[in-house]
Amino acid sequence: QVQLVESGGGLVQAGGSLRLSCVASGRTFSSYTMGWFRQAPGKERNFVAAISGSGRTTYYADSVKGRFTISRDNAKNTVYLQMISLKPEDTAIYYCAAGSTVRPVQALYDYWGPGTQVTVSS
């Protein structure tokens with residue numbers, strides 16, 4: 001059982017930066033792969049990035065490579081998504097998720113946070 005809560009979303013102009021945080025409850029945080037997904041209005045939920053329990057392996061969607069960085073601090077039960085050079089097409093609700101493998105597949109993640117809104121204006 002894992003509870004996740006995202007924070008750090010907001011409104012930013014194109015080209016700006018934001019850092020999202022996700023704090024997890026539980027005593028086995030370091031054993032979980034953590035991922036970020038996003039869903040724009042009227043669109044399907046899409047994979048953004050994932051990181052292994054140790055933090056040594058990461059995986060990114062092509063659309064965010066070079067702009068987004070996922071990281072984690074297991075001592076704080078927290079995973080981060082640093083976003084730079086934001087584009088209007090990055091606008092979405094961003095969800096934190098916990099799973100068992102570093103894969104861009106929504107069904108492989110078992111626990112989800114409520115999401116945080118990111119809006120990038122042009």
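Above this text sits the structure in question.
Quantities reported herein were computed from a predicted structural model and do not represent experimental measurements.

1. What to know about the pattern of salt bridges
Within this structure, the stated rule accounts for three salt bridges. Where R38 meets D90, a salt bridge forms, and the shortest distance between an N and an O atom there is 2.9 Å. Note that R38 is positioned in strand β4 (residues 33–39) and D90 in the loop between β8 (78–83) and β9 (92–99), a separation of 52 residues in sequence. Exposure class is identical for R38 and D90. Each is buried. Salt bridges sharing partners connect three or more residues here, namely R38, R67 and D90.

2. Topic: the environment of A49
You can see A49 is positioned in strand β5 (residues 46–51). Residue class for A49 comes out buried when judged on its relative accessible area of 0%. Along the sequence, A49 and S71 sit 22 residues apart, while their C-alpha atoms lie 9.8 Å from each other.

3. Regarding the state of the cysteines
Per the counting criterion, the structure on display carries one disulfide. Each disulfide pairs two cysteine sulfurs, and for C22 the partner residue is C96, the sulfurs being separated by 2.1 Å. When the S-S torsion is -80°, as for the bridge of C22 with C96, the disulfide is left-handed. Remark: C96 occurs in strand β9 and C22 occurs in strand β3 (residues 18–24); sequence separation between them is 74 residues. Judged by relative accessible area, which is 0%, C96 ranks as buried.

4. A look at the sheet that holds strand β1 (residues 4–7)
Ordered in space as β1-β3-β8-β7, the four strands form an open sheet in which the pairing is antiparallel. Whereas interior strands pair on both sides, the edge strands pair on one side only; in this sheet they are β1 and β7 (68–73). Neighbour-to-neighbour, the strand axes of the sheet open up by a mean angle of 15°, direction not taken into account. The pairing of β1 with β3 spans four bridges and is antiparallel. Among the inter-strand pairings, L4 is bridged to a residue of β3, identified as A24.

5. Things to note about the packing of aromatic side chains
By convention here, two paired aromatic rings are described through the distance between centres and the angle between planes. Evaluation of the coordinates by the stated rule reveals six aromatic pairs. Ring centres of F37 and W112 lie 5.0 Å apart, and the angle between their planes is 55°; this geometry places the pair in the tilted category. Here the residue F37 occupies a position in strand β4, and W112 occupies one in strand β10 (residues 109–112), the gap between them amounting to 75 residues. Taking relative accessible area as the criterion, F37 reaches 1% and is therefore assigned buried. When its relative accessible area of 27% is taken as the criterion, W112 is described as partly exposed. Against the face of Y95 rests R45, its NZ or CZ located 3.9 Å from the ring centre.

Reading guide: rules and limits
Residues numbered from 1 in each chain as written. Predicted model: local features only at pLDDT ≥ 70, side-chain atom pairs only at ≥ 80, totals over all residues. Heavy atoms only, no water. Salt bridge = Lys/Arg side-chain N within 4 Å of Asp/Glu carboxyl O. Helix = DSSP H or I, 4+ residues; strand = E, 2+ residues; numbered from the N terminus. Buried < 20%, exposed > 50% of the residue type's maximum accessible area, 1.4 Å probe, protein only. Disulfide = S-S within 2.5 Å. Pairing = 2+ DSSP bridges. Axes fitted to C-alpha atoms, helices over the stretch in contact; angles between N-to-C directions. Phe/Tyr/Trp six-rings, centres within 6.5 Å; stacked < 30°, edge-to-face > 60°. Lys NZ or Arg CZ within 6 Å of the ring centre and 35° of its normal.

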